[in-house]
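Observations on chain architecture
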Amino acid sequence: MTTLTYRDAVREAIRGAMQRDPRVFLMGEDVGRYGGSFAVSKGLLEEFGEERIRDTPLSESAFVGAGIGAALGGMRPIVEIMTVNFSLLALDQIVNNAATLCHMSGGQFAVPVVIRMATGGGRQLAAQHSHSLEGWYAHVPGLRVVAPATIEDAFGMLPTALQKPDPVLIFEHALLYNMKGELPEGAGPTDLDRAVVRRAGAHLSLITYGGSLFKALDAAQVLAKDGIEVEVIDLRTLRPLDDETIMASVARTRRVLIVDEGWKSGSLSAEISARIMEQAFYELDAPVARLCSAEVPIPYAAHLERAAIPQTDDIVAHARRLVTRGV
Amino acid sequence: MTTLTYRDAVREAIRGAMQRDPRVFLMGEDVGRYGGSFAVSKGLLEEFGEERIRDTPLSESAFVGAGIGAALGGMRPIVEIMTVNFSLLALDQIVNNAATLCHMSGGQFAVPVVIRMATGGGRQLAAQHSHSLEGWYAHVPGLRVVAPATIEDAFGMLPTALQKPDPVLIFEHALLYNMKGELPEGAGPTDLDRAVVRRAGAHLSLITYGGSLFKALDAAQVLAKDGIEVEVIDLRTLRPLDDETIMASVARTRRVLIVDEGWKSGSLSAEISARIMEQAFYELDAPVARLCSAEVPIPYAAHLERAAIPQTDDIVAHARRLVTRGV
Amino acid sequence: MRPLVSRTHALELLRAMVRITRFEEKCVELYSAAEIRGFMHLYIGEEAIAVGVMNALSPDDAVVATYREHGHAIARGIGMGPIMAEMLGRREGVSGGRGGSMHLFDAASRFYGGNAIVGGGLPLAVGLALADKMSKRNRVTCCIFGEGAVAEGEFHESLNLAALWRLPVLFVCENNLYAMGTAIERSESVTDIHQKAAAYGMTSEAIDGMDVIETEDAAKRAVEQIRGGAGPAFIEYRTYRFRAHSMFDAELYRDKAEVEQWKERGPVKTLVARLEAAGLGSHDDLTAIEAEADVEIEAAVAFARAGTLEPIDELSCFVYADDAQNAHIATIARCMDGE
Amino acid sequence: MRPLVSRTHALELLRAMVRITRFEEKCVELYSAAEIRGFMHLYIGEEAIAVGVMNALSPDDAVVATYREHGHAIARGIGMGPIMAEMLGRREGVSGGRGGSMHLFDAASRFYGGNAIVGGGLPLAVGLALADKMSKRNRVTCCIFGEGAVAEGEFHESLNLAALWRLPVLFVCENNLYAMGTAIERSESVTDIHQKAAAYGMTSEAIDGMDVIETEDAAKRAVEQIRGGAGPAFIEYRTYRFRAHSMFDAELYRDKAEVEQWKERGPVKTLVARLEAAGLGSHDDLTAIEAEADVEIEAAVAFARAGTLEPIDELSCFVYADDAQNAHIATIARCMDGE
Ligand SMILES: Cc1ncc(C[n+]2csc(CCOP(=O)(O)OP(=O)(O)O)c2C)c(N)n1
Ligand SMILES: Cc1ncc(C[n+]2csc(CCOP(=O)(O)OP(=O)(O)O)c2C)c(N)n1
Ligand SMILES: [Mg+2]
Ligand SMILES: [Mg+2]
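**Side note on the overall build of chain A**
Each helix and strand in chain A was counted, giving 13 helices and 14 strands. The C-alpha atoms of chain A give 20 Å as radius of gyration, which agrees with the globular expectation for 327 residues (20 Å, within 12%). Across its three principal directions, the C-alpha atoms of chain A cover 60 × 45 × 40 Å. When each of the 327 residues of chain A is scored for burial, the buried share is 75%. Residue pairs at least 24 apart in sequence account for 82% of intrachain contacts in chain A once pairs closer than 6 positions are excluded. When the accessible area of chain A is evaluated, it comes to approximately 8,300 Å², of which 50% is carbon and sulfur surface.

Here you go:
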C-alpha cells in the first residue's frame, strides 16, 4: 500500500507508461517547465526530457490535432488539455478527425491517442472555467470517454487507454487532484468498460461518476443512519455505458437517482434515464430521478456556485424523497 | 397564398428583417457573391450591398465571435455558418461567450445574435459533413435553439429570433431547402417557445423535429391505413423544450416514440425520454422508445447512409411494434 | 525617450499606476485571508500599459480585456469599491458577484470583460468595432491580450478580419515574455510579435511597456490614427509581470534574478526617477500618492465587505436577458439598444 | 523557366497529368448519370501541382490532402480502379465506399485523406511529422490545402508549431484565387500567401502552378531541404481551377473571360507547347497518352461497377478499431503499429 494523491496517481501512471513504451509522450500547455497547471507532470521533464514532455504554445486545435497525427504516425501520445473549458477550441479535431478516421477510411487507420483534461466546477472559477462537458463528448461515436474517480482508476485507466487503438478521453475532476488515498501493492491497469458498485444497498441505486462519486458516498453514509441503504454506482466509463451493471442494480433496488455535475438538459443523466426506461421500465417502482447542475453559467460567488452544483445534502434530500415516494 | 421553397422562405425572412431594421445584417462564408452555399441569400447582395450582406473569410471562430461582438455593439447580426459541421470551429465563441455574457456580467450585457446553420445528413456527404448536433447545442444554458421544419416556421422563426435579446441558433435541415409549400397570406413571426401537434392521433405520440418531421408524417399516414392513429409532435424549439405540449400528448396517447436524427446516446431524444419519465411516468402504458441515427460516423455509400439515418419505414416498424406491445 | 510634459500630468500618471499597485497588494492580503477566491491574476509590473492606454481612450470607446484586468478596469475609471465587491462575490460588485476577478464588466464605461479564454476576446472586439463602423460612429475598440494569445488561431483570424474590413480596433499586446510558465521562445517560432501584426497590413509598433510616458504616447498616436479612419493598429508593449501567474504558481520556470532585474525597471520606479531627474518631483510625491490611494482602497474594502450576497433564488436570473424573473433585480440589461 | 530535361521525363509528367484530367472528365459523366453522388470537387487545371509534388516524394513519405484530392491520389500512385470504386460507394473502394470523393485514404501509400474540413488536415500533418522526428525517421509529410485555408486559425497554429519544432512538413498551398465564391482579395488583408509562411521563419516560395517543370523542381528542392533537417518548407503554387467549385456551383462570382484566359495557360497545354518548342515531342504524343489513359479509365470504371456493396450489418464495424466484429472484414487496420 502506498498513500498518495490522485494527482500523484496520474503522474505515476504517466511515468510508468513512458518508461515502458518509447512511443508514449506527454504534450500540452505548461506540462513541462511549469510542471502542469495542476502539478500532475511535476518532475517528469527532468526525468524524460523536453522531447517527451513537450510544452506547447496556446494552440489547442493544432496540438490536439498533432496528437491525432502523431498517433496516426505510430506514436502513443498523451495530450493534456489544461481543462475541458479550452477543449472547445480543439473540438473540430476531436469530433471531425479523431472520431471519424478509422471508420471513414474503411478501417485502414486507427487513432490511438489519449486526451486528458481536467473538468468540473467547485473552485469559484466562474462561467468560462467550470464546465462539465464529459457527457457531451460521450455523444460522439468513435470516442471512448472515461472519468476515473478513485486513485486506483486514476492510476489504472491511463495505461489501459494507451493500449486502446482508439481515441480515449480521460476526464479528471479538478477537485479530486488533492484527494489522498491508498494504492494497493501491485495495482495495475484497470478496465475501461465496466461500471462498478462502490457501495451495495437495497433501497436505491445512486448512479454517478467522477467528482460527484464522493458526495454520493457521503450521502449514502448519511442515509444509512436512517436505515436507507443506497447502492452507489460509479460509472467510470461514460462511453460506452455499462448497461449491464446499471440494469442489474435497478433490478435490485427498483429506484434510481442519477447525480451528474453537467447541466441537466441533455446531460449524460438523461441518457441513463432513457436507457433505464427502455431496458428496465417494468422493474421500476418510481420514476428515475436526476440531480444535476442548475442550468446556469456557473457563477463565481461561493454561495451561488454551491447552489448551482449538486452537493451532498441535495443528494440526501433527493434520495430520501425518492425512497419514501409511493409505488 | 404563395408557393415557394423552404429556401425562399428563409430568404424572404432575411429580406424582410433587413428592410425593417437597419441594425440587421447577414454575415458568413459565401453569403454574398456566391449567393449562399444553399442559395439562401441569392440576390440579397444586389439588394442590400456588401456592407450588409457580408462575405467572410474562412474564419468561423472570428466571424461568429464578431457577430457576438456586433450584437454587444447594438447590431442585430444574422451569422450564417455554412453547416453545423464547421460550427465546431466556433464553439468556444458560442459556448464561452454568447451563452455566458449576460449572466456573467450580472445582466449588464445582452447578446442578441442569430446564428443560422444547415444541419443533418442524407446527401451522401460522409462523416465530416453530415452531423446533426442541434441536440448538443440544446444542452447549453444561455442559448435558444430552434429547428424550423415547415415553410411557415422557416419564414416566421427568424424575425422572432431577431427580437430576442439572447443568442438564438437556428438549425435548417439541408434536405428541406428544396421543399415546396404554401405560405399563407399575411404569414408573420412565429413563436420560439412552443411545440405543435402537426397531426392528432390517439394511439401513439411521435415526437420529432426538423428534417425528420416529414418522415414522421409520412409514417403516420402509412400507419393510419392500419388503423393506428399517430399524433405527430413537431418540437420546433429544442431549447427550451415545451414540456407542456409533450406531456399533454403523452397523457392522451400513453405511448411515445421519439425520432431524432442525432446519434442515440446523449441525443435530444434522451432528454425528452428522461423528462417523460419524470413528469408522466404513471401515464405510460409502455416505455418510451427512441429511433435515432446509428452510432457511426455517417458513411458515403447510399445504402449505408440510408441505413444509418432513421427513415420512414423504420418509423413505421418501430411505431407498430410499440403500439402492439402489451401493457 | 520622450520628455516629461508637465508635473501635473506626470503626477496623474503616477497616481493612476499607484492606485493599481496598491489595490492589488490589498487583493493579495484578502486572498490570503480567503476573502477572495478562485483565480486571481495580478497586474503588478505592467501598470504603465493600462494607464497609458486608458488615457488615450474616450469615454465612449470600448475595452475588451483578459482575466488579468484589474489594472485596466481601475484605469478605465471603474470604482474600486464595486471592483473589490466583485472579488468578494458581492451583489454590489461590478458583475453582481457572478464574475469574480476574471470577469469584471461595466456597461457604463463600455468595459466588456474580463475574458478568461485566451484569445477569446479578440473576435468580440472585432465585432464591436464592426458595429461602430456600420453605424458610422467614430469610436475605437481597444482589445488587450497577452503574448500567449498570439499562438491561438483566433488571434490571426481576428487580425485578418480587422485589417481586411479596416475596423477601428486598437490591438494591445502585453508581452510579458511568459504565458503561465511558457517563455515566448518556446511558443513562437518568430518571437517579434509586432511583426506578426504588420504581416496583416496594419500599423504596428513595439514599445517599452515600463515607461508610462512612452506607453501613453504610443497609444495616443495609434488611437488618433484609428479615429482618422486608417483601420486597426497594433501595439506590442514589452513588459514583465512581477508576481506569479496566478495565486497557484510556484514560478519554477523563471529565475529570481530575471525578476529582480525587471523590477529595477518597474513603471512606478521609472516614472519617479524621471520626475526626479527632470526636477519636477520627488519621492515624497510618491509617498503622498500612496497614502491617498490607501485611503481609497480601505474605503473600497469596507464597501465590499458591507456588500450583500445575491439571494440564491436569483441564481437563474439573466441566463436569458428576456427572462421575466429578471425584472426584480436592480441591475437591468443596460446595453440592449447598443448605446 | 527551367529547360525541359528529357523527352522521357517530360512524357512521364504529361502522362501523369493527363491521367488526372481524363479521370475527372469521366467522373463528371458518372456524376451526371448519378453513379457518383455527394460532393465532388474537380482538380482540372491544377494537375501540374499534384504531379510535380508527388514526384518529389518517396514512397514512405506521407500525404495529407483535402476534399479536392483525386489528382493527388492518382499522382501518388493509388489505383484508379479503387479510387473510382470509392466514388461509386463500393466496398472495393480505397475507403471501402465509406468516404466517397472527399475521403480517399490509402494506408499503403501513406495517403491520409481526403479531409473535408478546411484547414483540418494541417494539424494532422504536423503530428505525422512529429512522429517521424521523434522516431528519428527521415520522412517528409506533405500537406496540401487551398488558399482559403489560410484564413483559418488552424493554419497559423500549425505553421507555428511546425516551424517552432522544426518538423519535416512540406506545406503546399494551392492558390487558385477562390475559396468557393470568395476571391482572395475578399478574404485576406494581405494576399501574398507565401509571405505569411515566411513570417513563421520557414523557407517559402511562390511558384507558377501551371508549369509542371516548375512545380516539380520547386517541390524537389523543398523536399531535399526538409530531408536535410532544415525544418518545414512552404510552397505557394499559383493556379486556377477550370471547373466549378463543386457540382452545385453556378459560378456567379467569376468572369467567363477570366476562366478562358487561365485555360490558355492550362498545364497540359503548357507542357505540350514546351515539348514542341524544344523539339522533344508533338501533339501526337498527347493523343497517344490520352488514348492510353482512356483505356485505363475504362478498366477502372468497369472495376468500380463490378464492385460490391458493403453489407449493412457491417455498418458499425471500425467505429472502433478494436471492435470484435471488425475481424470478419477483409480490410484490417494496417497502420496500428506506425509502420
Ligand atoms: C484557450 C485557453 N487556454 C489555456 C488557458 C489557461 N491559461 C490562462 S492564462 C494563460 C497564459 C496566458 O498567457 P498570456 O496570453 O501571455 O497572458 P499573461 O497571463 O501573461 O498576461 C493560460 C495558458 C486559457 N485560459 N485559455
Ligand atoms: C471549416 C470549413 N468551412 C467551410 C467549408 C465549406 N467549404 C468547402 S471547400 C471551401 C472553399 C475552400 O477553398 P480553398 O481552401 O481555397 O480550396 P479550393 O476549394 O479552392 O481548392 C469551403 C468554404 C469547409 N469544408 N470547412
Ligand atoms: Mg504573457
Ligand atoms: Mg482556392
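Moving on from the coordinates now.
**Here's the deal with the environment of Ala50(D)**
Residues and elements named next belong to chain D. Looking at the secondary structure, you find Ala 50 in helix α2 (residues 47–56). Relative accessible area serves as the criterion here: at 0%, Ala 50 is assigned to the buried category. Expressed as a C-alpha distance, the spacing of Ala 50 and Met 17, which sit 33 residues apart in the sequence, is 8.3 Å. With residues near it in sequence (within four places) discarded, Ala 50 still touches Ile 20, Tyr 43, Gly 71, His 72 and Ala 75.

**What about the coordination of the magnesium ion (ligand 3)?**
Residue and element names in this part refer to chain C. Of the protein atoms, only Glu 147 (OE), Asn 176 (OD1) and Tyr 178 (O) coordinate the magnesium ion (ligand 3), at distances of 2.0 to 2.2 Å. On the primary sequence, the residues serving as donors to the magnesium ion (ligand 3) are separated as E-x28-N-x1-Y. Residue Glu 147 is located in the loop between β3 (141–146) and α6 (153–164), and its partner Tyr 178 is located in strand β5 (residues 178–179); the two are separated by 31 residues in the primary sequence. The pair formed by Glu 147 and Tyr 178 is uniform in burial state, with each residue classed as buried.

**Thoughts on the environment of Ala70(B)**
All names here are of chain B. By secondary structure assignment, the location of Ala 70 is in helix α3 (residues 60–72). Taking the relative accessible area as the measure of exposure, Ala 70 reaches 0% and is therefore buried. Between the alpha carbons of Ala 70 and Pro 112 there is a distance of 9.1 Å; along the sequence they are 42 residues apart.

**Examining the site of ligand 2**
Among the 22 residues in the neighbourhood of ligand 2, the closest are listed as Glu60(B), Tyr67(D), Arg68(D), Ala116(D) and Glu147(D). Here a nitrogen atom of ligand 2 sits 2.7 Å away from a polar atom, N or O, in the side chain of Glu60(B). When its residues are assigned to classes, the shell around ligand 2 shows 12 nonpolar, five polar and five charged.

**Focus on the site of ligand 1**
Around ligand 1, 22 residues are found, and the nearest of them are Glu60(A), Tyr67(C), Arg68(C), Glu147(C) and Asn176(C). Mapping the residues adjacent to ligand 1 onto the chains of the assembly identifies chains A and C. One of the side-chain nitrogen or oxygen atoms of Tyr67(C) is found 2.8 Å away from an oxygen atom of ligand 1. For ligand 1, an oxygen atom lies 3.4 Å from a polar atom in the backbone of Ala149(C). Within the complex, the protein chains bury 97% of what would otherwise be the 580 Å² of accessible surface of ligand 1. By residue class, the composition of the shell around ligand 1 is 12 nonpolar, five polar and five charged.

**Looking at the coordination of the magnesium ion (ligand 4)**
All names here are of chain D. Every protein donor of the magnesium ion (ligand 4) is listed here as Glu 147 (OE), Asn 176 (OD1) and Tyr 178 (O), and their distances to the metal cover 2.0 to 2.2 Å. Residue Asn 176 is classed as buried on the basis of its relative accessible area of 6%. You can call Tyr 178 buried: its relative accessible area is 10%.

**Focus: the interface of chain C and chain B**
Interfaces are often described in size by the accessible area the parts lose on coming together. If you look at the interface, chain C gives 45 residues, while chain B gives 47 residues. For the pair chain C and chain B, the summed buried surface comes to about 3,700 Å²; carbon and sulfur atoms form 63% of the total. Summed over the shared surface of chain C and chain B, the number is two salt bridges. Measuring nitrogen to oxygen at the nearest pair gives 3.4 Å for the salt bridge that ties Arg144(B) to Asp322(C). Applying the counting criterion to the chain C and chain B interface returns 21 residue pairs in polar contact (both at pLDDT 80 or more). The set of elements that each furnish at least two residues to the side of chain C that touches chain B consists of β2 (111–115), α5 (121–134) and α6 of chain C. No other element matches the eight residues that α5(C) contributes to the side of chain C that touches chain B. Partitioning the side of chain C that touches chain B into residue classes produces 26 nonpolar, 11 polar and eight charged.

About the criteria used
Residues numbered from 1 in each chain as written. Chains lettered and ligands numbered in written order. Predicted model: local features only at pLDDT ≥ 70, side-chain atom pairs only at ≥ 80, totals over all residues. Heavy atoms only, no water. Helix = DSSP H or I, 4+ residues; strand = E, 2+ residues; numbered from the N terminus. Rg over C-alpha atoms; globule rule 2.2 N^0.38 Å. Buried < 20%, exposed > 50% of the residue type's maximum accessible area, 1.4 Å probe, protein only. Contact = heavy atoms within 4.5 Å. Areas by Shrake-Rupley, 256 points an atom, 1.4 Å probe, with all protein chains shown as cover. Donors = N, O, S within 2.8 Å, 3.2 Å for Na, K, Ca; no water. Near = heavy atom within 4 Å. Polar contact = N/O pair within 3.5 Å; in protein donor to acceptor, adjacent residues only side chain to side chain. Nonpolar A, V, L, I, M, F, W, Y, C, P; charged D, E, K, R; others polar. Buried area = accessible area lost by both parts, 1.4 Å probe. Salt bridge = Lys/Arg side-chain N within 4 Å of Asp/Glu carboxyl O.

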